[in-house]
Amino acid sequence: MTGIIFLVIYGTLCGFHVHVLIQLHREHKQLSTRKNHTQCYFYRAELESENAWIEKIAGYRSSRKQALMDLVFGVGGLATLFVGIELFNLLLTRH
């Protein structure tokens, strides 16, 4: 029973950490591709201010959605950790 609980809880935690590492890798790849195009973007934003404003708003919305997802996964990971600790405490105090 303890082994099953251990596998479920720490499997969930490992899955959470894998998700975070994958997100960090994606962010790193996006940042490195955007790094080269930053000057071009700002030049275009100055020329087409109205279109740039619309693109900026769309970027903020998508980044806000991503931040909310990351927050939910973070809180879920912490909740799983604390539940796992409590379950192990209950199992160890019973036996």
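Each remark here, short or long, concerns the structure printed above.
Model, not experiment: these values are computed from the prediction.

(A) Seen up close, the overall build of the protein. The helix and strand inventory of the protein stands at three helices and zero strands. Going residue by residue from the N terminus, the α and β elements of the protein occur as α-α-α. Evaluated residue by residue, the protein yields a buried proportion of 12% over its 95 residues. Looking at the protein as shown, the accessible area adds up to about 8200 Å², and 68% of this sits on carbon and sulfur atoms.

(B) Geometry of a nonpolar patch on the surface. A surface patch of nonpolar side chains, about 390 Å² in accessible area, is lined by Leu68, Leu71, Val72 and Val75. Along the chain, the position of Val72 falls in helix H3 (residues 49-94). Under the relative-accessibility criterion, Val72 is labelled exposed at 54%.

(C) The arrangement of the side chain of Gln23 in detail. Mapped onto the elements of the fold, Gln23 is located in helix H1 (residues 2-35). Classification of Gln23 as buried rests on a relative accessible area of 13%. Ignoring anything within four residues of it in the chain, the contact list for Gln23 reads Gln66 and Asp70.

So, how was this worked out
Residues numbered from 1 in each chain as written. Predicted model: local features only at pLDDT ≥ 70, side-chain atom pairs only at ≥ 80, totals over all residues. Heavy atoms only, no water. Helix = DSSP H or I, 4+ residues; strand = E, 2+ residues; numbered from the N terminus. Buried < 20%, exposed > 50% of the residue type's maximum accessible area, 1.4 Å probe, protein only. Areas by Shrake-Rupley, 256 points an atom, 1.4 Å probe, with all protein chains shown as cover. Patch = residues over 30% accessible without salt bridge, like charges linked within 9 Å, V, L, I, M, F, W, Y side chains within 5 Å. Salt bridge = Lys/Arg side-chain N within 4 Å of Asp/Glu carboxyl O. Contact = heavy atoms within 4.5 Å.

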